[in-house]
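# Descriptive structure summary
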Amino acid sequence: MVDFPHTTPSVYRFAITLKFTDYSVYGYLIQAVSEDQSRLSRKGSESKQVAASLRDAKFPILVSPRCEILYFGETRLPVLVRKFIHTFSIPIEGSLTVFRVKICGIKLKSDVDCVRAAGGDAVGLNFFSKSVRYVDPESVSTMELSIHAQNSGLKRVGVFANASAEAIEKAIRPTSGHPNLIDIIQLHGDETLAEARQVESIGLPILRAIKLPTSPMDIGKIERSVRPWIDAGYAVLLDADGGAMHGGSGKTLDWASIRTWAESDQQRSTWILAGGLHPENVSEAIRLSGAARVDVASGVEEIRGQKSYAKIQAFCQAALK
Ligand SMILES: O=C(O)c1ccccc1NCC(=O)[C@H](O)[C@H](O)COP(=O)(O)O
């Protein structure tokens, strides 16, 4: 897996490393990539340092002599490369380089400033109208909030629940010609894979929230919930089932179960721990679950729907230590 420093988020939204051993698929890939009009370099890359030195290069895809594909895309993987991955069942070793700490449901520019100062690297803009954290995508204040988050170097994750692809697209680009309000689409409802595929056409990476029971689970239960989404190329956010409100429930998952599943996952898929985290339990949650990435909404609020700066600060400090 290649992880870039978070200092250049506007250059690299994510990097993916794929490994394969059968050289016959190599030709297929080159064809797929060039058909997709992506620029291709056959220079090798064997270390993080080499990959990092390519930061300013203009090659979104790099196939190394060791048969690794590195993709440095601004948006999702090119369609034909995705097809390639599925056709040959290539295990994805790294996936969306998303974020380490996301503070979800921000509403104010001062929330953004606080997240940035605390060391968080992503904010969630909640576009689910029934949420207490909802922000109207068509309002000027939301547009300004989004621009401020982008200028602050934070990833902007748009949270949706059961919205159609058309509605999501409209929310992301409320006026024609306006830049996207967000960088990543978080699907937090009961969307099917087929519906998510339609959302893909928008051209932004998708993060799939998987709502799990709060009680202990066996590997099979978690695996059945997450695997179809991981196989489809999405990063997953593991959240406690919040019932009709979908998210922001403040309920915790059984972290030991999550760890057992994660350790059994040979693909080492990208996943984010969410659900009931707060400044006092986040380091324990990370220790028990093995999470490398965390997300929080209600746990950094004193008044429901209103962020507490002391809590954001304490949360980030505990999560990043
Ligand atoms: O936060 C909400 O109100 C919400 C409503 C509907 C769908 C998703 C929502 N939040 C998405 C998130 O990513 C939350 O951070 C996640 O559900 C965890 O919430 P919490 O348990 O409050 O930390």
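Here the residue numbers are simple positions, counted from 1 along each chain's written sequence. Two thresholds apply to this predicted model, a pLDDT of at least 70 for residue-level local features and 80 or more for giving and counting side-chain atom pairs, whereas whole-chain, interface and lining totals are computed over all residues. Side-chain descriptors were evaluated using all non-hydrogen atoms of the structure, hydrogens and water having been removed beforehand.

This is how it is decided: UniProt positions are given in the numbering used here, feature names are shortened, and annotations may be inferred rather than shown by experiment.
The name given to the protein in an unreviewed UniProt entry is N-(5'-phosphoribosyl)anthranilate isomerase, with Novipirellula aureliae as the source organism. Comment text from UniProt for the protein, heading Sequence similarities (unreviewed entry), reads "Belongs to the TrpF family." Its UniProt record gives the protein a comment under Catalytic activity (unreviewed entry), which states: "N-(5-phospho-beta-D-ribosyl)anthranilate = 1-(2-carboxyphenylamino)-1-deoxy-D-ribulose 5-phosphate".

### Details of the site of the ligand
To keep things clear, this is the line we draw: We define proximity as follows: a residue is near a molecule or strand when any one of its heavy atoms falls within 4 Å of that partner. Side-chain atoms alone can form a polar contact between residues adjacent in sequence; in general such a contact is a pair of N or O atoms within 3.5 Å, and within protein one must be able to donate a hydrogen while the other accepts it. Method for areas: the Shrake-Rupley scheme with a 1.4 Å probe, in which residue coverage is limited to the protein chains shown.
Near the ligand there are 22 residues, and of these Ser131, Arg133, Asp239, Asp295 and Ser298 occur at the shortest range. Arg133 places a side-chain nitrogen or oxygen 2.8 Å from an oxygen atom of the ligand. At 2.9 Å, a backbone N or O of Gly248 approaches an oxygen atom of the ligand. Coverage of the ligand by the protein chains reaches 99% of its 510 Å² of free accessible surface.

### Points about the pairing of strand E9 (residues 206–212)
What counts is decided by this rule: With a 1.4 Å probe rolled over the protein chains alone, any residue whose accessible area is under 20% of its type maximum counts as buried; one over 50% counts as exposed, and the rest are partly exposed. Strands are runs of DSSP state E lasting at least 2 residues, helices are runs of H or I lasting at least 4, and numbering of each runs from the N terminus. A strand pair is defined by DSSP finding two or more bridges across the two strands. Whether a crossover is right-handed depends on one test, that the path from the first strand over the helix to the second runs clockwise when the strands point away from the viewer.
Most of E9 is tucked away, with seven of its seven residues classed as buried. Residues Ile206, Arg208, Ile210 and Leu212 of E9 are buried on one face, and the alternating residues Leu207, Ala209 and Lys211, pointing to the opposite face, are buried as well. For strand E8 (residues 184–187) and E9, the ladder comprises three bridges, and the chain directions are parallel. Of the residues in E9, the one forming a bridge with Ile185 is Ile206. Handedness of the crossover joining E8 and E9 through helix H7 (residues 193–200): right-handed. With six bridges joining them, E9 and strand E10 (residues 235–240) adopt parallel strand pairing.

### With respect to the packing of aromatic side chains
Convention followed: Here the aromatic set is Phe, Tyr and Trp, taking the six-membered ring for Trp, and pairing holds for ring centres within 6.5 Å; pairs whose planes are under 30 degrees apart are stacked, those over 60 apart are edge-to-face, and all others are tilted. We call a charge positioned above a ring when the Lys NZ or Arg CZ atom is no farther than 6 Å from the ring centre and deviates by at most 35 degrees from the ring normal.
Taken as a whole and assessed by the stated rule, the structure comprises three aromatic pairs. Measuring from centroid to centroid gives 5.3 Å for Phe127 and Phe160, while their planes differ by 45°, and the two rings are tilted. One end of the pair, Phe127, is in the loop between strand E6 (122–126) and helix H5 (140–151); the other, Phe160, is in strand E7 (residues 155–160), with 33 residues separating them in the sequence. Between Trp229 and Tyr234, the aromatic rings sit 5.8 Å apart at their centres with planes inclined by 35°, giving tilted as the arrangement. Tyr234 carries the same exposure label as Trp229, and that label is buried. One Lys or Arg, Arg208, reaches over the ring of Trp229 and ends 4.3 Å from the middle of that ring.

### Some words on the packing of helix H4 (residues 109–118) against H5
For any two helices packed against each other, one specifies the inter-axial angle together with the distance between the axes. What counts, and what does not: Angles shown run from 0 to 180 degrees and are taken between the N-to-C directions of axes, each axis being a line fitted to C-alpha atoms and, for helices, limited to the stretch in contact. What sets the label is the angle itself: under 35 degrees gives roughly parallel, over 145 gives roughly antiparallel, 65 to 115 gives roughly perpendicular, and the rest give oblique. Crossings are sorted by hand: turned counterclockwise from the far helix by less than a right angle, the near helix makes the crossing left-handed, and turned clockwise it makes it right-handed. In this analysis, two residues are considered to be in contact whenever any of their non-hydrogen atoms come within 4.5 Å of each other. All residues other than Ala, Val, Leu, Ile, Met, Phe, Trp, Tyr, Cys, Pro, Asp, Glu, Lys and Arg, Gly among them, are scored as polar; the first ten of these are nonpolar and the last four charged.
Between H4 and H5, the least distance of the axes is 9 Å, while the angle of their chain directions is 15°. Viewed along their axes, H4 and H5 adopt a mutual orientation that is roughly parallel. With respect to the hand of their crossing, H4 and H5 are arranged in right-handed fashion. Together, Lys109, Val112 and Asp113 of H4 and Glu144, Leu145, His148 and Ala149 of H5 make up the contact between the two elements. Among the residues making up the contact of H4 with H5, the classes are represented as three nonpolar, one polar and three charged.

### As for unusual backbone geometry
The backbone of Asn162 sits at a positive phi, close to 60°, despite the residue not being glycine. Take Asn162: it is sitting in the loop between E7 and helix H6 (165–172). For His246, which is not a glycine, the phi torsion comes out positive at approximately 70°. Examined against the element boundaries, His246 turns out to sit in the loop between E10 and helix H9 (255–264).

### Structural notes on the packing of helix H8 (residues 219–231) against H9
Between H8 and H9, whose axes approach to 10 Å, the crossing angle comes to 55°. Our classification of the angle between H8 and H9 gives oblique. Along this stretch, H8 crosses H9, giving a crossing that reads as right-handed. Contacts between H8 and H9 involve Ile219, Ile222, Glu223, Val226, Arg227 and Ile230 on the former and, on the latter, Ser257, Ile258, Thr260, Trp261 and Ser264. When its residues are assigned to classes, the contact of H8 with H9 shows six nonpolar, three polar and two charged.

### Comments concerning the pattern of salt bridges
So the rule is basically this: Salt bridge, as applied in this entry: a Lys or Arg side-chain nitrogen positioned within 4 Å of an Asp or Glu carboxyl oxygen.
Following the criterion strictly, the structure yields 14 salt bridges and no others. A salt bridge links Lys102 to Asp295; the shortest N-O distance between them is 2.5 Å. With Lys102 in strand E5 (residues 101–104) and Asp295 in strand E12 (residues 294–296), this residue pair connects regions lying 193 residues apart in the sequence. Given a relative accessible area of 0%, Lys102 falls into the buried group. The shortest N-O distance in the salt bridge between Arg259 and Glu263 comes to 2.9 Å. One end of the pair, Arg259, and the other, Glu263, are both in helix H9, four residues apart, so they sit about a helical turn from each other. On the basis of relative accessible area, Arg259 is assigned to the partly exposed category, the value being 30%. One continuous salt-bridge network, built from bridges that share partners, spans Arg133, Glu301 and Lys307.

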